[in-house]
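Given next are the chains, with one letter for each unit.
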Amino acid sequence: MAVKNNYITVAYKLYVSDGEDIKDDLVEECSAEHPFQFISNLGCVLPAFEKEIDPLKEGDKFDFVIPCEQAYGKFEDELMFDVPKQTFMVDGKFDNEHIFEGNIIPLQAEDGSRFNGVVIEVKEDAVTIDLNHPRAGQDLHFVGTVVTHREATNEEVTGMINMLSGEDHCGCGCHCGDGCDDCGCGCEEEHHHHEGCGCGHCH
């Protein structure tokens, strides 16, 4: 049986908890006028998120929690490390424009693979970088409504595949700019700083 790709849009509020807070914190919101959109069975959202949403119909409401183990895993201290400050020198000067506390920066491993890190602290001779996902250690609580749910057209599937491969738009697969103000994929941060990630719709 062929895999069916559905075009889905949802309006939602995302609350997160680190397992210690009594109350969840609202961190993202997409309205029905500017919903989050994706195509199923393309791997552009968390499997646990798609598993909850794909079986629903247009107009259905949802309220579910994705434990951190099924989202972005637990926070790992070993993914925080110090990088020599000289690594971030540009024309003989430290790159204050991009290397500052809280900023997301692109990094490259020795094998050429690319990933992102968050600047935690700028010390006298080193910069502390955190490679954990911004939602690592957090349970994701989604509450919302399915706005659209239909079979995707061939053009939409092709377009989404191009996005995921980085050939069009931001490459995250969630139609940033056409959707909510902060869909969580981090593309808004990419336009202002560098690529990041937030709500768990992209990986």
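Please refer to the structure placed before this passage.
Calculation rules
Residues numbered from 1 in each chain as written. Predicted model: local features only at pLDDT ≥ 70, side-chain atom pairs only at ≥ 80, totals over all residues. Heavy atoms only, no water. Buried < 20%, exposed > 50% of the residue type's maximum accessible area, 1.4 Å probe, protein only. Helix = DSSP H or I, 4+ residues; strand = E, 2+ residues; numbered from the N terminus. Arc of directions from axis to C-beta. Contact = heavy atoms within 4.5 Å. Pairing = 2+ DSSP bridges. Axes fitted to C-alpha atoms, helices over the stretch in contact; angles between N-to-C directions. Phe/Tyr/Trp six-rings, centres within 6.5 Å; stacked < 30°, edge-to-face > 60°. Lys NZ or Arg CZ within 6 Å of the ring centre and 35° of its normal. Core = buried A, V, L, I, M, F, W, Y, C linked by side-chain atoms within 4.5 Å. Salt bridge = Lys/Arg side-chain N within 4 Å of Asp/Glu carboxyl O.

J.: Just to check I follow, could you spell out helix α2 (residues 154-164) for this structure?
T.: Think of an α-helix as turning once every 3.6 residues; residues three or four places apart then point the same way. All of the buried residues along α2 are Val-157, Met-160 and Met-163. Burial along α2 is one-sided: seen end-on, the buried residues are contained in an arc of 120°. Facing away from the buried side of α2, by more than 90 degrees, are the exposed residues Asn-154 and Glu-155. The secondary structure elements touched by the buried residues of α2 are β3 (36-39).

J.: Help me understand the sheet that holds strand β10 (residues 126-130), please; the structure alone is not making it clear to me.
T.: Note on sheets: strands pair through backbone hydrogen bonds, and any given pair is parallel or antiparallel. Pairing in this open sheet of four strands is antiparallel, and the strands run β5-β10-β9-β8 from one edge to the other. Strands at the two margins of the open sheet, each flanked by one partner only, are β5 (80-84) and β8 (104-108). Along the sheet, successive strands turn relative to each other by an average axial angle of 45°, direction set aside. As defined by bridge partners, β8 adjoins strand β9 (residues 114-122) across five bridges and the pair is classed as antiparallel. When the bridges of β9 are listed, Ile-105 appears paired with Gly-117.

J.: Help me understand the packing of aromatic side chains, please; the structure alone is not making it clear to me.
T.: Each aromatic ring pair is characterised by the separation of its centres together with the angle its planes make. Applying the stated criterion to the full structure yields nine aromatic pairs. Pairing Phe-62 with Phe-64 gives two aromatic rings, centres 5.7 Å apart and planes at 40°, and the pair type is tilted. On the basis of relative accessibility, which here comes to 7%, the residue Phe-62 falls in the buried class. Among the aromatic residues, ring-to-ring pairing joins Tyr-12, Phe-36, Phe-38, Phe-49, Phe-62, Phe-64 and Phe-142 into one connected group. Geometry around Phe-94 places Lys-85 over its ring, the cationic atom sitting 4.9 Å from the centre.

J.: Looking at this structure, I do not really get the pairing of β10. What am I missing?
T.: The side chains of a regular strand alternate between both faces of the sheet. β10 sits mainly inside the fold: five of its five residues count as buried. Burial of the side chains of β10 extends over both faces: Ala-126, Thr-128 and Asp-130 are buried on one face and Val-127 and Ile-129 on the other. With four bridges joining them, β9 and β10 adopt antiparallel strand pairing. What sits directly across from Val-119, in β10, is Ile-129.

J.: Any chance you could explain the side chain of Thr-9 here in plain terms?
T.: By the element assignment, Thr-9 lies in strand β1 (residues 6-17). Other than its neighbours up to four places away in sequence, Thr-9 contacts Pro-35, Phe-36, Gln-37, Thr-145, Val-146, Val-147 and Thr-148.

J.: Is there a simple way to explain unusual backbone geometry in this structure?
T.: Across residues other than glycine, the phi torsion is negative in most instances, and most of the peptide bonds are trans. Here Asn-41, not a glycine, exhibits a phi torsion of approximately 60°, which is positive. Mapped onto the elements of the fold, Asn-41 is located in the loop between β3 and α1 (47-53). Relative accessible area serves as the criterion here: at 38%, Asn-41 is assigned to the partly exposed category.

J.: Looking at this structure, how should I read the nonpolar core?
T.: It is characteristic of soluble globular proteins that their nonpolar side chains tend to be buried jointly. Counting residues in each nonpolar core, the largest one holds 28 residues, and the members touching the most others are Val-10, Phe-49 and Phe-142. Counting residues per element, the ones that place at least two in this core are β1, β3, α1, β4 (61-66), β11 (139-151) and α2. In terms of residue count, the dominant contributor to this core is β1 (six residues). Apart from residues no more than four positions distant in its own chain, Val-10 is found in contact with Cys-30, Pro-35, Phe-36, Phe-49, Ile-53, Phe-62, Thr-145, Val-146 and Val-147. Formed by nine residues, the second largest nonpolar core is a distinct cluster that contains Val-83, Phe-88, Ile-99 and Ile-129.

J.: Would you mind going over the pattern of salt bridges with me for this structure?
T.: Side-chain pairs of opposite charge can arise whenever the charged atoms involved come near each other. By the definition in use, this model includes three salt bridges. Two residues, Arg-135 and Glu-28, come together in a salt bridge whose shortest N-O distance is 3.6 Å. Pair noted here: Arg-135 is in the loop between β10 and β11 and Glu-28 is in strand β2 (residues 25-30), with a separation of 107 residues, a long-range link. Summarising the burial analysis for this pair, Arg-135 and Glu-28 share the class buried. A salt bridge links Asp-82 to Lys-123; its shortest N-O distance comes to 3.0 Å. Residue Asp-82 is located in strand β5, and its partner Lys-123 is located in the loop between β9 and β10; the two are separated by 41 residues in the primary sequence. By relative accessible area, which is 40% here, Asp-82 ends up partly exposed. Here Lys-123 falls in the partly exposed class, since its relative accessible area comes to 29%.

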